[in-house]
Structures are given as C-alpha cells and as structure tokens.
Protein chains: 2
Amino acid sequence: MTDRDTRRRTIHDVAKAARVSISTASNALNGTGRTNVETRERVKRVAKDIGFRPNALARSLLTKRSHAIGMLTNDTYGRLTLPMAAGVSEVLVDQGLSVFLCATNNDPRLARLHLEALLDRQVDGIIFTATRLDLPPPVELTKLPVPVVYVFAEGPPDSISFVPDDIHGARLAVEHLKSLSRSRILHVTGPHDYLAVRRRAEAYRESVGSGAEILYGDWSEEWGHSAIDEVFARKGPRPDAIFCGNDEIARGVIEALRDIGVRVPEDVAVVGFDNWEVISKQTRPPLTTIDMQLKELGHQAGLAILELAKGEEVAPGTNRLPCSLVVRQSCGSMTR
Amino acid sequence: MTDRDTRRRTIHDVAKAARVSISTASNALNGTGRTNVETRERVKRVAKDIGFRPNALARSLLTKRSHAIGMLTNDTYGRLTLPMAAGVSEVLVDQGLSVFLCATNNDPRLARLHLEALLDRQVDGIIFTATRLDLPPPVELTKLPVPVVYVFAEGPPDSISFVPDDIHGARLAVEHLKSLSRSRILHVTGPHDYLAVRRRAEAYRESVGSGAEILYGDWSEEWGHSAIDEVFARKGPRPDAIFCGNDEIARGVIEALRDIGVRVPEDVAVVGFDNWEVISKQTRPPLTTIDMQLKELGHQAGLAILELAKGEEVAPGTNRLPCSLVVRQSCGSMTR
DNA sequence: TCGTGATGGTAAAAGGTTTTATCAGATTCT
DNA sequence: AGAATCTGATAAAACCTTTTACCATCACGA
C-alpha cells in the first residue's frame, strides 16, 4: 500500500489528468481564451474530481489583486467596531474578498506594524474604523498605494468616509418625543469634547427651540443617575421627556427616576442612543432608542472598497447615513 | 520633470542599486548563505534607502508559509469572540502573523465559503471559536491540511482546545461566598442544555454540599427578577447568597432584591459570571464576578497555533484555563 | 493552387522571492 | 608547485498561476 500524495493539487495535475497543456487547463477553468466546449467541460470535471483549488497566492502574485482587504480598528473591539466589521465582511465574502482584522489599540507602533504587514500582503484596500469621529488615525493613511475608506471616522478632505448622521438621529429622537406631546424635553449627554455629542446637542437645540437644556457628563449610568438627582432636586418646572446621549446614560436615568418615584413613561418619556441591546432591551421599561445602523455602515464601506479595489471611481466625501428609531416602551404608546 | 516610478520596489531594484546579484541581495537581507559583512551592510542600507519591502505573496508562495491564520467564529461577533480575537491577534502580530476574521453566523454555507477561501490562501492554521462549548462547528474541520485549534469550543478527541475551567470558576465563586460566612447559597443560572451550565452547577453542588438549590432559566435579567420573586415569595429559610450563571442574571437579581427591600450585600451577597463590564461595573452595588480570562484564552490559542504553524508539536487535549475572581462590592468586604 | 481566416491548442514569459548548486579566486597545506 | 580548502558571490531553478504570442490544422473562396 503506497502512501498517497498529500500535496495540494496544482493546475499541473489537472492538465496532466485531462491530457491538455497547462495553458489550456487555465483557459478552460477561467473561461478565458478559446477553448472547445468539450475539452472545457472535461477539464472542469477533472479539476473537480481531483479536488483542484487554485493557489490564491500564485494567482494574486500575477494578477496584482490579492482579493484581501485590511480593517484597521482603533479600539480593542468595542461594541461599535464589531457590527461594522460584520457588515463589511458580509458584503465582501460573496465577492471572494477576505478581511484581515487588525486591532491597533490606538498604539502608533502597533498601527504601523499592522499597516506594513497589510501593504506587504498587497491588500486591495484598507478600511479604517474608529470609536469616535474626531480622533486622527494613529498612523499616516494618506498617500498609501491602496485605497482607504473611513468608517465611523472622518478622514482628510476628499477622502471617502461613512458616518452615522448624528443630526438626523437626534432630530428623530426629539421629533418622536414631540409627536407624543412632550414639551419640556431635557438632553442628558456625554462629554462635550466629542464631536458627535456637539452635533447631536446642536440638532436637539434646534429642534426643541426655547426651553432647551443640555447637561454634559460622561458616558456612564452613574452620570444618568446624578443628572436626574440634580434636576429633580431643584425648584421650577420639571421635564416630561429626556433625550439621552447613549443607552447607558438612559439606563441610569430610568433607574434614578424609578428610585424617586417618577414613572416612565407616564410622567417622563426617555429616549436613548445606540441601541446597544444588552442595555436597551433590559431596562424597565425597555428603551426606545436611536440605532446608528452600524452594520449598514459596514455594508456601504465594504461596497465602496470593493469598487475602489476594482479600479472604479467612488465619489469622495463624507456619507452620513440616516439613523433609525427603535420604539420600545420607554416613551409610552404612540396613540395615547 | 519626469514622472517618477510609483511601482513598489523589488529585490531586483535593491540588487541593481547595490551592484550585486539578486541572490546576494536576498542572502544579505535574510542573513542566509555566506556574505561579506561589508556587502551585507551595503545591501541593507540600500534596501532601506529605496524603501524596499519584500512582497509577502511571492515569499509565501515559495516558502509555503503564508504567515496568516484564519479565525472562524460562530456568531456575529458577540462579547465572547472579541476579547478572544484580540488576544489571538495580540500574540501573533509581533511574530508577523496576520489574522483573517471570518464570521460564519453559524451558517454552513458561509462557513464553507470562508473555509475554502482560507485554504486557498494557504493559511498556516485555523482557530475556531464558538459561543458555547457544546455546539459542533458548522463545517467539517477534521482532516484539514492545516492545523486547527479550538477556543471556547471542544473539538473531536485528540484535537487541541482551550476552554475556561467552569468548574474552577464556580468553585471560586462559592468558596468566596463561604469565606464570607454565607451559608445558604442559591444558584440561579441559564438553560440546562448548556454544557457549561451543567458543569458549573455540578461544581456548585459539590462545593456547597447539602442545601444546594439550583434554578435553571435563560440568560436574561428578566429571569433574574422572576427567580428572586419566586424564591422570596415562598415560605421557609431564605438564601444569604446567590451565585448567578452570568452577569445579566445577576443584575436582574440585584435589582429584584432592591425592589423588595433586601439589601445587597448586607442581607444577600451576589456573585456573577462573565465579568462583562458594561454590566458588572454598572450594577448597584458593582458586581463581584468571575472572569473567564477570554483574552488569555486567545493568547494561549495564538501561541499554540504559532507552534503548530512552525511545524512543532503541541500536546493534544482540552486545556482548561483557570478563571479569576473579580471582587467588587456585591458581596461585602472580606473583613466583615 | 494559393491565400485568408477561423479554430483549438501550446510554449514560454512573467510575477517576486528563496534556495541549491556552482564557480572563480584567494589562502593554506603538503 | 600542486592540491586542497575556504570565501564570497552568482546563475538558475523552483513556487503556481495567468497571459501573450505563436503554431498547426482545417475550411473556404478565389
């Protein structure tokens, strides 16, 4: 019993088994050149029979397209990066593109290391994603020999980026509250130095008009608690609705309200931001919130990089994708 | 002004610029073969000057090592997969290995697609990760031409896998509670059909001895609530400690206890499982919980696949990594 | 009969690197 | 002096595929 050859089958093997030349085998398999239909079928059948799969490395070396892209991410895979990565991968896998995931931890050394590895591997493009819009990448990404797309991050002028439309999201939240006849709407949000915070705050202010009040803090439940404690301790009119900068704050707000005996949604309606389901589905009552459509963001970025990799043009600029309102029970029914 | 060549520099360019043959250039850069120290330095300097970086595709094609591995994951990037992926990537990047991330969504078609792409790319190894231990991979992974390592998943006999030591984790939790003089310890956990649930339950039962009581449910806060409602509604002795199957259940438990006026940790101590910080840090009081060391799991898997990729042996079997206890405030002080 | 055009196939080059075998020259040994 | 050894460098093969240019063969019309 001879030990059978465990080597991967090459196109040589196909050619030999089908009694044709290597070039004919290649042509037949790829449908290029001129091949008789009969030989073409024979070659294909043989290839399948012996389990031939082309070596992607050799192919890429020649065609100068690696069919791989790199995804450079800023954080240790937060809740933001992952849905986006899933979205990217989802649209690319059927096109035969694979994704290198590179977590930089915002460390320039690591970022450079990853970037060089990606370029050495001749990736067809790079997607850079961050956890906030206004941080520069930890490594120089302009003047690269491959196209770059920014997601949840803004690149230099004339670059291609995809970000959620914070203004639209904030407006969505406020309009929803207004449509439920809430008139004294408070905004409890995150740190003022976040661009997204300022954008949302601005949209909120415009939409609410007079009587707008914004409390800046951090992204924690804790801050939601203390904001409520402060607001409900003072004299004067009280809000009948609160638009929160993210779901964690919203959760803190809801709990603080319950602690002081204010009913949600009867007395105060609450809207969150993020639709981070581990939080938004588990608050009592479940949280009505704004979804930034992160996966869709990933889809679009994937499609863009696909076009660019093919050598086609993509219009530069910042694409702001609409958010969506996820209605649960923290605002009461639409029909009250 | 002549438009300068934008092509990537090849070793040909280095050889020409340093006035040596290609082989000498290669030898000098890699420290192989016999080269005069002087020419070696010259070649290296020239290479750096003109910005030469070897084409990884060409190199891999020849050496049959792609320095890339695939990570096949079961879910749409849950909280479990990501820390592990970060751990894997962390130990590999400095070794020059890159990671393809493939989310299969537990869809066999997608899994096969990804797997074939990985093999075509000649990856040096594959890491399979799941979200629970007792689900078979969505695609056949035995008899692959590359080594496979399982993380948070158990492969077939004689495969190499890394999983958290649930028994150790559960024991850690119970021992902690016992050391704080808690004597009536209840276990509120997830669905009985999870292997991990049964393992932890068994360890809990052994450690507690007589008086053990286990309530199975699902993984939600909701279930935590209703478990408490049930237990505290009935007659008889009440628990002075609760060991929860995960942090979400623990959060539900803590809130339910507060709702009915039972103090945590004074009256009842609570321990969670997972150390999912968005929950465990934000409960009131912050949750003492078991950390499964997911990143460390990733580290170990990365190291294992690295060895295997080098062609070295790794002892087969299931490696159970110890968990760690993260003490916060839901059990009271050690020194009470 | 000869040229023309289509058809089906092939040899060889190319892609960028590593590695093996070989070679020329200098040095040492007998 | 001649042989043996050592040193430093190189040509060429190899990895596996795609693609270009070319070569037979055959049919057809002039």
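So, how was this worked out
Every chain is numbered on its own, with residues counted from 1 as its sequence reads. Both sets of labels track the order of writing: A upward for chains, 1 upward for ligands. Reporting in this predicted model follows two pLDDT cut-offs: at least 70 for local features of residues, and 80 or more for side-chain atom pairs to be given and counted; totals over whole chains, interfaces and linings ignore these cut-offs and use all residues. Values reported for side chains reflect all heavy atoms of the structure, with hydrogen atoms and water molecules removed beforehand. In this description a helix means any DSSP run of H or I spanning at least four residues, a strand means any run of E spanning at least two, and both kinds are numbered starting from the N terminus. Computation of the radius of gyration draws on C-alpha atoms alone. For the globule rule, the value is 2.2 Å times the number of residues to the power 0.38. Type-normalised accessible area, obtained with a 1.4 Å probe on protein chains alone, sets the label of each residue: buried when under 20%, exposed when over 50%, and partly exposed for intermediate values. Residue contacts follow a heavy-atom distance rule, with two residues in contact if any of their heavy atoms lie within 4.5 Å. Per-residue and other accessible areas were derived by the Shrake-Rupley procedure at a 1.4 Å probe size, with only the shown protein chains allowed to occlude residues. Asp and Glu are treated as the negative residues and Lys and Arg as the positive ones, with His and the ends of the chain left uncounted. Every charge is mapped to an atom, namely NZ of Lys, CZ of Arg, CG of Asp or CD of Glu. Joining two parts hides part of their accessible area as seen by a 1.4 Å probe, and the buried area is that hidden amount summed over both. Any Lys or Arg side-chain nitrogen located within 4 Å of an Asp or Glu carboxyl oxygen qualifies as a salt bridge. Two N or O atoms form a polar contact when they lie within 3.5 Å of each other; inside protein one atom must be a possible hydrogen donor and the other a possible acceptor, and for residues adjacent in sequence the pair counts only when both atoms belong to side chains. It suffices for a single heavy atom of a residue to lie within 4 Å of a molecule or strand for the residue to be listed as near it. Basically, the charged four are Asp, Glu, Lys and Arg, the nonpolar ten are Ala, Val, Leu, Ile, Met, Phe, Trp, Tyr, Cys and Pro, and anything else, Gly included, counts as polar. Each domain's extent was defined by an automatic or database domain assignment. Interaxial angles span 0 to 180 degrees and are taken between N-to-C directions of axes, which are lines fitted to C-alpha atoms, for helices over the stretch in contact. Roughly parallel means an angle under 35 degrees; roughly antiparallel means over 145; roughly perpendicular covers 65 to 115; every other angle is labelled oblique. Whether a crossing is left-handed or right-handed is set by the direction in which the near helix is turned from the far one by less than a right angle, anticlockwise for left-handed and clockwise for right-handed. Working rule for helices: expected span equals 1.5 Å times residues minus one. Strands were regarded as paired on the criterion that DSSP finds at least two bridges between them. What sets the superposition is a least-squares fit of C-alpha atoms, and only residues with pLDDT of at least 70 in both copies go into it.

K.L.:
I'm lost on the overall build of chain A in this one. Help?
P.N.:
In terms of regular secondary structure, chain A is built from 12 helices and 12 strands. Its C-alpha atoms give chain A a radius of gyration of 27 Å, more than 25% over the compact-globule value 20 Å for 336 residues. Along the first, second and third principal axes, the C-alpha set of chain A runs to 90 × 40 × 40 Å. Counting over 336 residues, chain A shows a buried share of 53%. Within chain A, counting contacts between residues at least 6 apart in sequence, those at least 24 apart form 71% of the total. Carbon and sulfur atoms make up 51% of the accessible area of chain A, which totals about 15,100 Å². Taken as two groups, the 43 positive and 43 negative side-chain charges of chain A have centres that lie 7 Å from each other.

K.L.:
Would you explain the interface of chain B and chain A in this entry?
P.N.:
For an interface, size is often stated in terms of accessible area lost upon the parts coming together. Contact with chain B, which involves 52 residues of that partner, is made by 52 residues of chain A. A buried area of about 4,600 Å², summed over both sides, lies between chain B and chain A, and 51% of it is on carbon and sulfur atoms. The tally of links between chain B and chain A comes to 16 salt bridges. In this structure, A:Asp120 engages B:Arg53 in a salt bridge whose closest nitrogen and oxygen atoms are separated by 2.7 Å. Put simply, chain B and chain A have 32 residue pairs in polar contact (both at pLDDT 80 or more) between them.

K.L.:
Before we go on, may I ask you to explain the environment of B:Lys64 in this structure?
P.N.:
Residue position: B:Lys64 is located in the loop between helix H4 (56-63) and strand E1 (68-73). Remark: the alpha-carbon pair of B:Lys64 and B:Asp124, spanning 60 residues in sequence, is separated by 8.7 Å.

K.L.:
When you look at the protein's contact with DNA strand C in this model, what are you seeing that I'm missing?
P.N.:
Close contacts around DNA strand C come from 28 residues, with A:Thr24, A:Arg34, A:Thr39, B:Ile11 and B:Leu62 the closest. The contact atoms of DNA strand C, taken as those within 4 Å of the protein, divide so that sugar and phosphate hold 52%. Here a base oxygen of DNA strand C sits 2.5 Å away from a polar atom, N or O, in the side chain of A:Arg34. In the model, a phosphate oxygen of DNA strand C is placed 3.0 Å from a nitrogen or oxygen of the A:Thr39 side chain. Mapped by element, the contributors of at least two residues to the surface near DNA strand C are helix H2 (22-30) and helix H4 (56-63) of chain A together with helix H1 (11-18), helix H2 (22-30) and H4 of chain B. Ranked by residues supplied to the surface near DNA strand C, first place goes to H2(B) with 5 residues. Across the surface near DNA strand C, the residue classes break down as 10 nonpolar, 14 polar and 4 charged.

K.L.:
Got a minute to help me understand the protein's contact with DNA strand D in this structure?
P.N.:
Within the structure, DNA strand D sits among 27 residues, and A:Ile11, A:Leu62, B:Thr24, B:Arg34 and B:Thr39 are positioned closest to it. Within the side chain of B:Arg34, an N or O atom sits 2.4 Å from a base oxygen of DNA strand D. Elements with a minimum of two residues in the surface near DNA strand D: helix H1 (11-18), H2 and H4 of chain A together with H2 and H4 of chain B. Of all the elements, H2(A) adds the most residues to the surface near DNA strand D, at 5 residues. A class-by-class count of the residues in the surface near DNA strand D yields 9 nonpolar, 14 polar and 4 charged.

K.L.:
What should I look at first to understand the domain arrangement of chain A in this one?
P.N.:
When the domains of chain A are assigned, the result is domain 1 (1-53), domain 2 (66-164 + 298-320) and domain 3 (166-293). Taking the mean C-alpha position of each, domain 1 of chain A and domain 2 of chain A sit 37 Å from one another.

K.L.:
Hey, could you run me through the packing of H1(A) against helix H3 (residues 37-50) of chain A in this one?
P.N.:
Packed helix pairs are characterised by how far apart their axes lie and by the angle those axes make with each other. Residues and elements named next belong to chain A. One can describe the packing of H1 onto H3 by two numbers: an axis separation of 9 Å at closest approach and a directional angle of 125°. Regarding the angle of H1 to H3, the classification is oblique. Relative to H3, H1 is oriented so that their crossing is right-handed. Where H1 approaches H3, its residues Asp 13, Val 14, Ala 17 and Ala 18 are matched on the opposing element by Arg 42, Val 43, Val 46, Ala 47 and Ile 50. Partitioning the contact of H1 with H3 into residue classes produces 7 nonpolar, no polar and 2 charged.

K.L.:
Even after reading the chapter, I still don't get helix H8 (residues 195-208) of chain A, so can you show me in this structure?
P.N.:
Turn by turn, an α-helix covers 3.6 residues, leaving residues three or four places apart pointing in a common direction. Residues and elements named next belong to chain A. With 14 residues, H8 extends 20 Å between its outermost C-alpha atoms, agreeing within 8% with the 20 Å of an ideal straight helix rising 1.5 Å per residue. All of the buried residues along H8 are Ala 196, Val 197, Arg 199, Arg 200, Ala 201, Ala 203, Tyr 204, Ser 207 and Val 208. Where H8 is buried, its residues meet helix H7 (166-179), strand E6 (185-189), strand E7 (213-216), strand E8 (241-244), strand E9 (269-273) and strand E11 (317-321).

K.L.:
Teacher, can you tell me more about the sheet that holds E9(A) here?
P.N.:
By definition, the strands of a sheet pair up through backbone hydrogen bonds, in either a parallel or an antiparallel sense. Residue and element names in this part refer to chain A. One open sheet holds the 6 strands; their spatial order is E7-E6-E8-E9-E10-E12, and the pairing between them is mixed. Each end of this open sheet is capped by a strand with a single partner; those strands are E7 and strand E12 (324-326). The mean inter-strand angle of the sheet, taken between neighbouring strand axes irrespective of direction, is 20°. In terms of strand pairing, E8 meets E9 through 3 bridges, oriented parallel. Residue pairing in the sheet places Ile 242 in a bridge with Val 270 of E9.

K.L.:
Explanation requested: the relation of the copies chain B and chain A in the structure shown.
P.N.:
The operation relating the pair of chain copies consists of a rotation about an axis and a translation along that axis. Overlaying chain B with chain A gives an RMSD of 0.1 Å, the required rotation being 180° about an axis along which the chain moves by 0.0 Å. Both copies of the chain, as the preceding transformation shows, are related through a two-fold rotation axis. Looking at the rotation axis and the C-alpha trace of chain B, the residue lying nearest is B:Phe100, at 2.2 Å.

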